[in-house]
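Chain residues, written in single-letter form:
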Amino acid sequence: MSIQVFKMLGQGHQYMRTWPMARQLSFYFPEYRVIRATRLALPVMPILALLAAASQLSIHGWAFLPQAITLALFFISLPIQGLLWLGWRSRHPLPLTLLGWCDTLTAKMIAMGIRCHPLGPKACYFDMALILKAAFECLDEQYWEEL
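Our subject in this report is the structure included herewith.

The rules behind the values
Residues numbered from 1 in each chain as written. Predicted model: local features only at pLDDT ≥ 70, side-chain atom pairs only at ≥ 80, totals over all residues. Heavy atoms only, no water. Helix = DSSP H or I, 4+ residues; strand = E, 2+ residues; numbered from the N terminus. Contact = heavy atoms within 4.5 Å. Phe/Tyr/Trp six-rings, centres within 6.5 Å; stacked < 30°, edge-to-face > 60°. Lys NZ or Arg CZ within 6 Å of the ring centre and 35° of its normal. Axes fitted to C-alpha atoms, helices over the stretch in contact; angles between N-to-C directions. Parallel < 35°, antiparallel > 145°, perpendicular 65-115°, else oblique. Left-handed = near helix turned anticlockwise from the far one by under 90°. Nonpolar A, V, L, I, M, F, W, Y, C, P; charged D, E, K, R; others polar. Core = buried A, V, L, I, M, F, W, Y, C linked by side-chain atoms within 4.5 Å. Buried < 20%, exposed > 50% of the residue type's maximum accessible area, 1.4 Å probe, protein only. Expected span 1.5 Å × (residues − 1). Arc of directions from axis to C-beta.

**Remarks on the environment of Phe-29**
Point 1. Following the sequence through the fold, Phe-29 ends up in the loop between helix 2 (23-26) and helix 3 (31-60).
Point 2. Beyond its immediate stretch of four places on either side in the chain, Phe-29 contacts Trp-19, Arg-89, Leu-98, Trp-101, Tyr-125 and Met-128.

Okay, structure coming up:
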């Protein structure tokens, strides 16, 4: 495996910890659903992989060892796929519409006296996640209900 894959897995894990898990954002961003599924899959899928492989071997015998290994690897790969997607998404550049929305959110936070850095032209989704996390900690519920 390449070092880039491990970096992307680490970035995905960091992005998963940074992204605010608010239902209001789930209508606009797929991160909410991917993070929930990945968090559920991380502890559950290794157990399911063992159960699936063991059941294959107990029912069909050792002749089905390649199929049992393939099935176990499939179950183990599911949370890894979620982390890889999150890592890719975290470094993906923001579209102009989201960049403008984040700039207005940043301006509102600065006007309220909250210290945050405005996004530059090469901003990515991870930068937006940092601003959203700070905004959810500081702004009131009414702002998010209007969203």
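**Let's talk about the packing of aromatic side chains**
Point 1. A complete count under the given rule lists 4 aromatic pairs for this structure.
Point 2. Through successive ring pairs, a cluster of aromatic residues spans Tyr-15, Trp-19, Phe-29 and Phe-126.
Point 3. Here the basic side chain of Arg-89 rests over the ring of Tyr-125, its NZ or CZ set 4.0 Å away from the ring centre.

**Regarding the packing of helix 1 (residues 3-18) against helix 3**
Point 1. At a minimum axis distance of 10 Å, the contact between helix 1 and helix 3 shows a crossing angle of 110 degrees. On the basis of the axis angle, helix 1 is roughly perpendicular to helix 3. Relative to helix 3, the crossing made by helix 1 is left-handed. Where helix 1 approaches helix 3, its residues Tyr-15, Met-16 and Arg-17 are matched on the opposing element by Glu-31, Ile-35, Thr-38, Arg-39 and Leu-42.
Point 2. Considering only residue class, the contact of helix 1 with helix 3 consists of 4 nonpolar, 1 polar and 3 charged.

**Things to note about the nonpolar core**
Point 1. Trp-19, Leu-94, Met-109 and Met-128 are the most contacted members of the largest nonpolar core, which has 28 residues in total.
Point 2. In terms of residues, this core owes the most to one element, helix 6 (residues 125-138), which gives 7 residues.
Point 3. In this view, Met-128 contacts Trp-19, Phe-29, Leu-94, Leu-98 and Cys-102; residues no more than four positions away in its chain are not counted.
Point 4. Counting residues in each nonpolar core, the second largest holds 8 residues, with Ala-41, Ala-49, Ala-72 and Phe-75 among its members.

**Side note on helix 5 (residues 96-111)**
Point 1. Taking 1.5 Å of rise per residue, the 16 residues of helix 5 would be expected to cover 22 Å, and the 22 Å separating its terminal C-alpha atoms lies within 8% of that figure.
Point 2. Looking only at helix 5, the buried set comprises Leu-98, Leu-99, Cys-102, Leu-105, Thr-106 and Met-109. The arc that holds the buried residues of helix 5, viewed along the axis, is 125 degrees, so those residues lie on one side. Facing away from the buried side of helix 5 by over 90 degrees, the exposed positions are Leu-96, Thr-97 and Ala-111.

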